[in-house]
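# Geometric and topological summary
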Amino acid sequence: MHTPPLSNDVENAVAAVDTYNSLRSTSDDYIHHIGLALNGNRTLESGNNISGNLQISPSLHQRSLDYERSYIDTVAKKDILLWNGHVQLTYERPQKNEMLNLSYNYTQNAPGLVDLMPFRDDVNPLLVSKGNTALRNSANHDVQLIFNRMDWTNGKQLRVMALYTYMQDHITRAVLFDKNTGVTTVSPMNIDGNQRIA
């Protein structure tokens, strides 16, 4: 089967589409960790035990991005400090084989460098993407409560758990549609209010 060669007009059109829609991106993320942990335990006069644990583990992220799409050709670098923490308290009653555990976890996440760039990508004029230089780090707050009782005589266990999660400055996408022009604009943004109870 013989395929006729493309005309110059078609070849130029294909080249233009490829030039304006091609995306090249290279990223690096060097992470440096440091951690601090404290543990404590105390036995009460009743024979019950109280123990606690505190962990703080900040991390430094050295991120770089080489981004090229259409007329956008840039190199971005950013040092990001993220905090993570954990607190746990445990109360045990050995005589009754009971344990009550309360824990709290704090986890931070940073937005991607592309989302932080002050650019407007309108290669597709009907679907415009914009960066947001005001994006903040997101954070998760997780609280967990566990009650556990063992009945060794009958081989039974009672375990009750409750979990609460609050997402602070959660990073999501805002989508705006202009019915007059038919243009959809997408941009990252922070929102509060996401919660989960289980």
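Anything mentioned here points back to the structure above.
The notes below deal with the structure included here. (Residues numbered from 1 in each chain as written. Predicted model: local features only at pLDDT ≥ 70, side-chain atom pairs only at ≥ 80, totals over all residues. Heavy atoms only, no water.)

### Things to note about the overall build of the chain
The secondary structure content of the chain amounts to two helices and 14 strands. Every one of the 198 residues in the chain was classed for burial, and the buried ones make up 25%. Look at the contacts in the chain between residues 6 or more apart in sequence, and 59% of them connect residues 24 or more apart. On the chain, roughly 13600 Å² of surface is accessible, and the fraction owed to carbon and sulfur atoms is 55%. (Helix = DSSP H or I, 4+ residues; strand = E, 2+ residues; numbered from the N terminus. Buried < 20%, exposed > 50% of the residue type's maximum accessible area, 1.4 Å probe, protein only. Contact = heavy atoms within 4.5 Å. Areas by Shrake-Rupley, 256 points an atom, 1.4 Å probe, with all protein chains shown as cover.)

### Observations concerning the sheet that holds strand S13 (residues 183-191)
Pairing in this open sheet of four strands is mixed, and the strands run S8-S9-S13-S12 from one edge to the other. The open sheet has two edge strands with one neighbour each: strand S8 (120-124) and strand S12 (170-178). Averaged over neighbouring strand pairs, the angle between their axes works out to 25° when direction is ignored. Bridging between strand S9 (residues 127-130) and S13 involves three bridges; their strand directions are parallel. Each bridged residue has a counterpart across the sheet, and for Ser129 the counterpart in S13 is Val186. (Pairing = 2+ DSSP bridges. Axes fitted to C-alpha atoms, helices over the stretch in contact; angles between N-to-C directions.)

### Structural notes on the sheet that holds strand S3 (residues 49-56)
Adjacent strands of a sheet form backbone hydrogen bonds with each other and so pair up, either parallel or antiparallel. Across the sheet, which stays open at both edges, the seven strands sit in the order S2-S3-S6-S7-S10-S11-S14 with antiparallel pairing between neighbours. The two strands at the open ends of the sheet, each matched to only one other strand, are strand S2 (36-43) and strand S14 (194-197). Shown here is a sheet whose adjacent strand axes are inclined to one another by a mean of 5°, direction ignored. Relative to strand S6 (residues 84-93), S3 is paired through eight bridges, and the arrangement is antiparallel.

### What to know about the pattern of salt bridges
As enumerated under the stated definition, the model contains six salt bridges in all. Taking the shortest distance from any N to any O, the salt bridge between Glu98 and Arg93 comes out at 3.2 Å. Classification of Arg93 by relative accessible area gives partly exposed; the value is 30%. Here Arg136 makes a salt bridge to Asp169, at a shortest N to O gap of 2.8 Å. Taken as a pair, Arg136 in the loop between S9 and strand S10 (138-151) and Asp169 in the loop between strand S11 (156-168) and S12 lie far apart in primary sequence, 33 residues in all. Owing to a relative accessible area of 10%, Asp169 belongs among the buried residues under this scheme. Among the ionic contacts, a cluster of salt bridges with common partners joins Arg93, Glu98 and Arg149. (Salt bridge = Lys/Arg side-chain N within 4 Å of Asp/Glu carboxyl O.)

### Quick look at the nonpolar core
By size, the foremost hydrophobic cluster in this structure holds seven residues: Leu65, Tyr67, Leu113, Leu116, Met117, Phe119 and Leu135. For this core, the secondary structure elements donating two or more residues are strand S4 (59-69) and helix H2 (113-116). (Core = buried A, V, L, I, M, F, W, Y, C linked by side-chain atoms within 4.5 Å.)

### Considerations on the side chain of Ser103
Inspection of the secondary structure puts Ser103 in strand S7 (residues 98-109). Since its relative accessible area comes to 6%, Ser103 is described here as buried. Not counting residues up to four positions away in its chain, the partners in contact with Ser103 are His86, Val87, Gln88, Asp142, Val143 and Gln144.

### Quick notes on the environment of Pro188
Within the secondary structure layout, Pro188 lies in strand S13. Using a relative accessible area of 1% as the deciding quantity, one classes Pro188 as buried. As a C-alpha pair, Pro188 and Ala174 span 14 residues in sequence and 5.9 Å in three-dimensional space. Once you skip the residues sitting within four places of it in the chain, Pro188 turns out to touch Asp115, Lys130, Gly131, Asn132, Leu135, Thr172 and Arg173.

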